[in-house]
Structures are given as structure tokens and as C-alpha cells.
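# Tertiary structure, described
Chain by chain, the residues run as shown.
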Amino acid sequence: MGAFVGVKTSYLISRSFIRPVSPSAAVSCSSSVRWRPAQLRLFCSSSSPDEQKPRPSMLRHLTSKIKATGPITVAEYMREVLTNPVTGYYVKNSMLGADGDFITSPEISQMFGELVGIWIISEWMGAGRPKQLQLVELGPGKGSLAADVLRVFRQLSSVVGGASVSLHLVEVSPVLARLQADALTGSSGEEADGDEDPVYHRGRTRDGLPVSWYRRLDDVPAGFSVFVAQEFFDALPIHKFQRTDRGWREVMVDVDPEKEEQLRFVLAPSPTLASSTLIQAGERRNHVEVCAEGGAIIQQLARRITDGGGAALIADYGHDGTKTDTFRGFKGHQLHDVLSSPGSADLTADVDFSYLRKTAGGGVACLGPVSQRNFLKNMGIDARLQVLLRSCADPSVRQQLISSYDMLMNPKKMGERFHFFSLLQLSRLARPTAPNGLKLEKNKNPAPLPVAGFTELQYS
Ligand code: SAH
């Protein structure tokens with residue numbers, strides 16, 4: 001049975017990898033190679049033009065708030081800086097790519113999104129091919145991952161054609177939502193009618209699939225869904241705690257009394273609600289970051305998967321409950337002081353996968369984290385690279401493909417830094433039981449079905 005699913009997934013991969021190569025493709029490269037404007041510039045550019053013009057409005061907003069009500073938690077600081085509806089970093093900027101502040105795996109190579117697409121189809125098949133399939137992406141950036149996933153769906157329409165597929169995007173940034181709409185629906189979209197409608201934009205892909213945009217996961221309709229969150233959880237607000245002689249104290253953000261326009265970290269003088277409730281019993285580290293908002297989203301995903309069926313695939317940098325101080329800023333692909341010119345740089349913290357596993361509870365199965373390198377290898381990235389190289393004659397594009405593969409897979413680049421983690425219905429991994437009254441012979445009892453990406457694919 002294990003081999004059965006492996007074979008099925010490898011069948012999906014070989015099907016989606018085989019493309020007709022037009023005669024012109026032999027010269028110019030086939031359309032199967034999607035160009036990305038930003039290649040391989042992870043942390044490499046010098047200061048951005050923004051460096052010269054800080055955003056006084058965000059700093060002013062924060063300093064007046066702190067002066068009025070006292071120091072704020074790091075979580076509140078992060079939430080304001082990133083998602084304040086007027087001046088938030090994500091709300092105002094398009095930060096992805098060579099001209100932005102950071103670059104992500106789906107922006108580096110189409111192979112990433114294509115293999116995620118195969119994973120989604122394989123989980124849909126593993127769930128017994130339900131008639132409705134909602135693809136839900138949290139924080140879709142420029143829409144590149146969703147576009148690559150949908151291309152795989154188009155190529156495998158003979159496999160998934162029987163299902164009614166819809167795309168649901170959870171995005172707080174109007175700037176990015178516009179880019180996503182351009183990438184996925186062209187000009188076909190329309191704004192929502194009124195404030196009551198949780199869908200703030202809707203459209204259709206060129207294949208006619210409905211696409212809806214929401215601000216919150218809560219608003220996405222119930223039903224069998226596969227959720228994808230790539231570099232989403234690291235952008236959610238974290239609380240920071242420091243162990244002291246008097247017990248755990250929460251790290252807060254205050255105005256520096258000596259420098260009017262500067263912020264500084266301070267320790268709360270007594271326990272806060274967060275320090276009393278979020279530190280795990282038996283915690284051994286001296287400094288801890290807890291993303292309570294991430295935990296709440298995981299609980300919601302777990303509930304939805306238990307009730308409506310489906311799976312979640314989470315890809316991010318992170319650790320398994322071992323790291324301490326990971327809060328940092330990125331601006332123009334360089335590390336940036338988290339308290340300096342707030343709103344002008346990305347703020348991020350490593351995802352604590354052990355915390356996500358704990359908050360998911362026992363109602364779902366958790367797999368991973370496995371390194372991006374292992375996940376993509378298990379998904380067949382080597383075969384995919386060979387197919388793309390075979391369909392491409394242009395030496396510079398071939399070189400791009402090889403470099404982007406190296407960026408995604410090299411342990412010293414993104415290969416070991418990023419991880420994949422998954423939530424699945426418990427039944428997905430359970431050994432099928434014999435129906436009542438029927439006795440199965442021991443050796444006929446099939447093994448649990450392997451989940452693509454988390455186990456090596458078996459080719460027939
Ligand atoms: N997944 C994309 C983008 C990662 S950047 C990629 O890998 O390329 C983080 C994304 O999450 C952005 O689209 C940002 O606008 C969105 N985002 C950040 N905080 C959010 C929140 N609280 N709710 C919804 N979307 C959020």
C-alpha cells in the first residue's frame with residue numbers, strides 16, 4: 001500500500017512534468033520555464049533608497065501611544081509595525097524580490113510551487129478525491145506560489161478535473177492583493193459590495209476557477225480544504241520573555257528617555273498576562289519567544305481539518321523549541337535593527353514548530369518539521385529540474401535553473417534553513433481497520449499511507 005501511494009505521486013509528477021515542447025522552444029526555451037525577475041539575491045543588496053527617508057508617522061504613532069499608556073509588548077509592536085491598516089509595513093509595501101527587502105522560495109523558482117501543487121493533489125487523492133477542493137493560501141505574497149500550483153492543476157486536469165476547485169487567499173495587504181489579482185485573474189476581478197462582505201475582492205482565473213480574498217482565516221468558508229502557508233507564520237507577532245532572578249519577565253518596547261525619537265527594549269517590572277500564561281512548564285531556556293497568534297491560527301486549522309477534512313502545509317524557517325532570540329529585521333536584503341525606523345523594514349522571528357505541534361492538540365496528526373532540502377527531494381525536484389533543463393536550450397536560462405535549484409536545496413543556503421510541517425486528519429495516517437465481522441489476515445492489513453514530501457517517493 002505504501003508503494004501504491006508512492007507510485008501514484010510519482011505518476012502525478014511524471015504526468016505534470018511531461019510537456020509538449022514546441023519547435024521554437026528548442027531555441028528560445030519552452031514556456032514551461034517561468035521567468036522570475038528576482039533571482040538569487042537573498043541578503044545581498046546594499047541600502048535601499050528608503051534608508052534616507054524613515055517613516056516618521058509610524059514612529060510618531062508608536063511614541064505617542066507608549067507615552068500615553070506605557071511600554072507595549074513586542075507582539076503589539078510587531079502587529080502595529082507590520083499590519084497597522086494605515087501605515088503598516090505589509091499594508092503599504094511590495095517588499096518581495098530583488099528591489100524589495102527579501103526574497104522567498106516561490107519567487108526563486110517555479111519548481112517550488114509546482115511541487116507544492118503535486119503535494120496538494122496527492123493529499124486530495126489520499127483523502128478519497130472529495131468533490132469540493134478549496135485551496136487556501138495564507139499570506140500569498142505576489143501570488144507566484146498559487147499561480148504555479150494552479151498550472152499543475154491545469155496540467156493534471158484529467159486527474160483533478162472531477163473536483164470543483166476554488167482558491168481562497170488570506171491577505172492583509174491591499175498592495176500585495178493587487179499584485180496577486182494581476183498574477184491570478186488579470187483584469188477579471190471585482191471589489192466586494194460592502195463592508196459586510198468578508199470577501200474584499202473576487203475574480204476568476206483564466207481557467208474559470210473562482211478566487212476570493214479575505215483579511216482573516218475565520219472568514220474562509222468551511223469545507224474540505226488544503227491550506228498552504230509559506231513564510232507566513234514568521235511574520236506573525238511574537239511575545240518575548242526573559243528569565244530573571246524574580247522569575248519570567250516580558251520584554252517590552254519603550255521610548256528611550258534620553259533620545260526622544262528612539263525606542264528601546266525594557267523588562268516589565270512584574271509578571272504580565274502573557275508571561276503568566278504563555279511559558280511552558282519545565283521551560284529550560286533563558287529567553288523565549290512565543291507566537292500566540294500563530295498558535296491560535298494552528299488551532300483553527302486543526303479544527304477545520306478535523307471537521308471538514310483536508311490538510312495544511314506550512315513552510316518557514318524555524319526550530320523545534322531550541323532557539324532563543326531570533327527576532328530580527330530585514331531591509332534591502334540586509335539585517336536591520338528591529339527598533340529603528342519602524343515600518344520601513346520587515347520584522348520576523350523563527351517559527352517554533354514544537355509550539356505549533358503542542359497547540360495543534362491531539363485531534364490532528366502533525367508531520368515534520370523536515371528540511372526544505374529533504375521535502376523537495378522527496379517530492380522529486382531532481383526529476384523536475386532535469387525535465388526543465390531538457391526543454392531549455394538557452395545557456396543563460398539553464399544556468400538560472402541550476403542556480404535557483406542550488407539556492408533552494410543547498411544546506412548552506414535555503415535547504416536546511418527552511419522547514420516543512422504538516423497537519424493532517426488522524427485518519428490519513430491510521431491503519432485501515434477491518435470492517436465489523438470481517439477478520440483480515442495479519443499480513444493483509446495494509447500499512448499506513450505515506451505522505452508525499454515527508455517520506456521518500458517510490459518510483460515504479
Ligand atoms: N508567501 C509569500 C509571501 C511571504 S511574506 C512568499 O513566500 O513569497 C508574508 C505574507 O503574509 C505577505 O503576503 C503579507 O502581506 C502576509 N501577511 C502578513 N501578516 C499577515 C496577517 N496577519 N494576515 C494575513 N496576511 C498576512
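Further up the page is the structure itself.
Residues numbered from 1 in each chain as written. Predicted model: local features only at pLDDT ≥ 70, side-chain atom pairs only at ≥ 80, totals over all residues. Heavy atoms only, no water.

### Remarks on the site of the ligand
Surveying the vicinity of the ligand reveals 19 residues, the closest of which are Thr104, Gly139, Gly141, Glu171 and Gln230. A distance of 2.7 Å separates a nitrogen atom of the ligand from a polar atom in the backbone of Gly139. Glu171 places a polar side-chain atom, nitrogen or oxygen, 2.5 Å from an oxygen atom of the ligand. In isolation the ligand offers 570 Å² of accessible surface; the protein chains occlude 95% of this area. For the shell around the ligand, the residue count by class is 10 nonpolar, six polar and three charged. (Near = heavy atom within 4 Å. Polar contact = N/O pair within 3.5 Å; in protein donor to acceptor, adjacent residues only side chain to side chain. Areas by Shrake-Rupley, 256 points an atom, 1.4 Å probe, with all protein chains shown as cover. Nonpolar A, V, L, I, M, F, W, Y, C, P; charged D, E, K, R; others polar.)

### Some points on the pairing of strand β9 (residues 247–255)
Burial analysis of β9 places eight of its nine residues in the buried class, the great majority of the element. By the bridge criterion, four bridges tie strand β8 (residues 239–244) to β9 in an arrangement that is antiparallel. Each bridged residue has a counterpart across the sheet, and for Arg243 the counterpart in β9 is Trp248. Connecting the antiparallel pair β8 and β9 is a turn made up of two residues. (Buried < 20%, exposed > 50% of the residue type's maximum accessible area, 1.4 Å probe, protein only. Helix = DSSP H or I, 4+ residues; strand = E, 2+ residues; numbered from the N terminus. Pairing = 2+ DSSP bridges.)

### Overview of unusual backbone geometry
In the segment running from Gly368 into Pro369, the intervening peptide bond is cis, with an omega of 10°. For Pro369, the location among the structural elements is in strand β17 (residues 364–371). Residue His333 is not a glycine yet carries a positive backbone phi of 65°. Within the fold, His333 resides in the loop between β13 (328–331) and β14 (334–336). Even without glycine at this site, Ser341 takes up a positive phi of about 35°. Its place among the elements puts Ser341 in the loop between β14 and β15 (346–348).

### Some words on the pattern of salt bridges
Considering all chains together, one arrives at 20 salt bridges under this definition. The partner of Arg384 in a salt bridge is Glu114, with the nearest N and O atoms 2.6 Å apart. One end of the pair, Arg384, is in helix α15 (residues 381–390); the other, Glu114, is in helix α7 (residues 110–126), and 270 residues separate them in sequence. Like Glu114, Arg384 is buried. Members of the salt-bridge network, linked through shared partners, are Glu114, Asp148, Arg151 and Arg384. (Salt bridge = Lys/Arg side-chain N within 4 Å of Asp/Glu carboxyl O.)

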